[in-house]
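Given next are the chains, with one letter for each unit.
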Amino acid sequence: GGLVPSPKLYSASFSMITSQTLRAAFAAAFIGLGAVAAQAQQTVQTWLMLKDSSQETFFVTDGVEKARLLKTGWKIDGTGFLLAKPADGTVGMVRFAKGSEMGSDRIFAITPEQGEAAVKAGYAKEGLMGQVSATQITPEMIPVYHFIKGSRNLWLLQKSDQAWAEKSGWKDEGIAFWLWASPSS
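Residues numbered from 1 in each chain as written. Predicted model: local features only at pLDDT ≥ 70, side-chain atom pairs only at ≥ 80, totals over all residues. Heavy atoms only, no water.

Asker: Tell me about the sheet that holds strand E9 (residues 171–179), and please be specific about residues and values.
Answerer: Strands belonging to one sheet form pairs held by backbone hydrogen bonds; the direction of such a pair is parallel or antiparallel. Strands sit in the order E8-E7-E9 across an open sheet of 3 strands; the sheet is antiparallel. Two strands bound the open sheet, and with one partner strand each, they are strand E8 (152–156) and E9. Taking each pair of neighbouring strands and ignoring which way they run, the sheet shows an average axis angle of 30°. Here 6 bridges tie strand E7 (residues 142–149) to E9, and the two strands are oriented antiparallel to one another. Bridge pairing links Ile148 to Lys171 in E9. (Pairing = 2+ DSSP bridges. Helix = DSSP H or I, 4+ residues; strand = E, 2+ residues; numbered from the N terminus. Axes fitted to C-alpha atoms, helices over the stretch in contact; angles between N-to-C directions.)

Rendered as structure tokens:
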């Protein structure tokens, strides 16, 4: 059924507003909102964990894992955000791990070639963590620095930890990739 016409809703220049017209208008509005929401990118918070004593780092996205690590001598070097799905200007970050007598070493590959080299060097693929950027897309983005020492890898965000790494014999290989500083940046 339709709405009862009201003098305010009807005039000679406009047709009467009916419930069917209102339903169509609301449907169009919700479809439009859905399209906007579909364009919004979901993000995943990540923490870069550092253990000074074993000189190792790795990214985690699970808050429970982060809390467990904090209780066992790890600290947070920094935090940022990964995109959950591919988007323009992003690349997948895949985590690889390899155990040794000195602890675990991790590689965060952003190209197929890096991933292939990690597997060839004996690293096990742990999986895709999310999307990062190989270049700085926005000024707010956070650079992730890659350091090497022999065949080991270290990943750092904080300037103070980068200075510590260099004093400990790690060589700065430069920016490996970029994280988002906030869910909306």
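Moving on from the coordinates now.
Asker: Before we move on, could you go through the pattern of salt bridges and cite the residues and values that matter?
Answerer: Taken as a whole, this structure holds 4 salt bridges when the rule is applied. Its salt-bridge partner being Glu56, residue Arg106 comes within 3.4 Å of it at the nearest N-O pair. Residue Arg106 is located in strand E5 (residues 103–109), and its partner Glu56 is located in strand E2 (residues 56–60); the two are separated by 50 residues in the primary sequence. Classification of Arg106 by relative accessible area gives buried; the value is 10%. Here Lys75 and Asp161 are joined by a salt bridge, their closest N and O atoms 3.0 Å apart. Highlighted residues: Lys75 in strand E3 (residues 75–83) and Asp161 in helix H4 (residues 159–167), separated in sequence by 86 residues. (Salt bridge = Lys/Arg side-chain N within 4 Å of Asp/Glu carboxyl O. Buried < 20%, exposed > 50% of the residue type's maximum accessible area, 1.4 Å probe, protein only.)

Asker: Outline the side chain of Gln55, supporting the account with residue identities and numerical values.
Answerer: Mapped onto the elements of the fold, Gln55 is located in the loop between strand E1 (43–51) and E2. Not counting the four nearest positions on each side in its chain, Gln55 is found in contact with Lys149, Arg152, Leu154, Trp164, Ser168 and Trp170. (Contact = heavy atoms within 4.5 Å.)

Asker: Kindly report on the pairing of E8, identifying the contributing residues and their values.
Answerer: Buried residues dominate E8, accounting for 5 of its 5 residues. Of the two faces of E8, the one holding Arg152, Leu154 and Leu156 and the one holding Asn153 and Trp155 are both buried throughout. In terms of strand pairing, E7 meets E8 through 5 bridges, oriented antiparallel. Note on E8: the bridge partner recorded for Phe147 is Leu154. Linking two consecutive strands that pair antiparallel, namely E7 and E8, is a turn of 2 residues; a positive phi of about 65° is found at Gly150 within it.

Asker: Run through the confidence of the model for the chain, naming residues and quoting values.
Answerer: When the pLDDT values of the chain are averaged, the result is 82; 78% of them are 70 or greater. By mean pLDDT, helix H1 (residues 19–39) is the weakest element of the chain at 39, and E9 is the strongest at 97. Here residues 1–39 scores under 50 on pLDDT; set against residues more than four positions off or in separate chains, the count is 12 contacts. (pLDDT = per-residue confidence, 0-100.)

Asker: How would you summarise the pairing of E5 if you had to cite specific residues and measurements?
Answerer: Burial within E5 is extensive, with 5 of its 7 residues counted as buried. Bridging between strand E4 (residues 91–100) and E5 involves 7 bridges; their strand directions are antiparallel. Within E5, the residue paired with Ala97 across the bridge is Arg106. The hairpin formed by E4 and E5 contains 2 residues between the paired strands.

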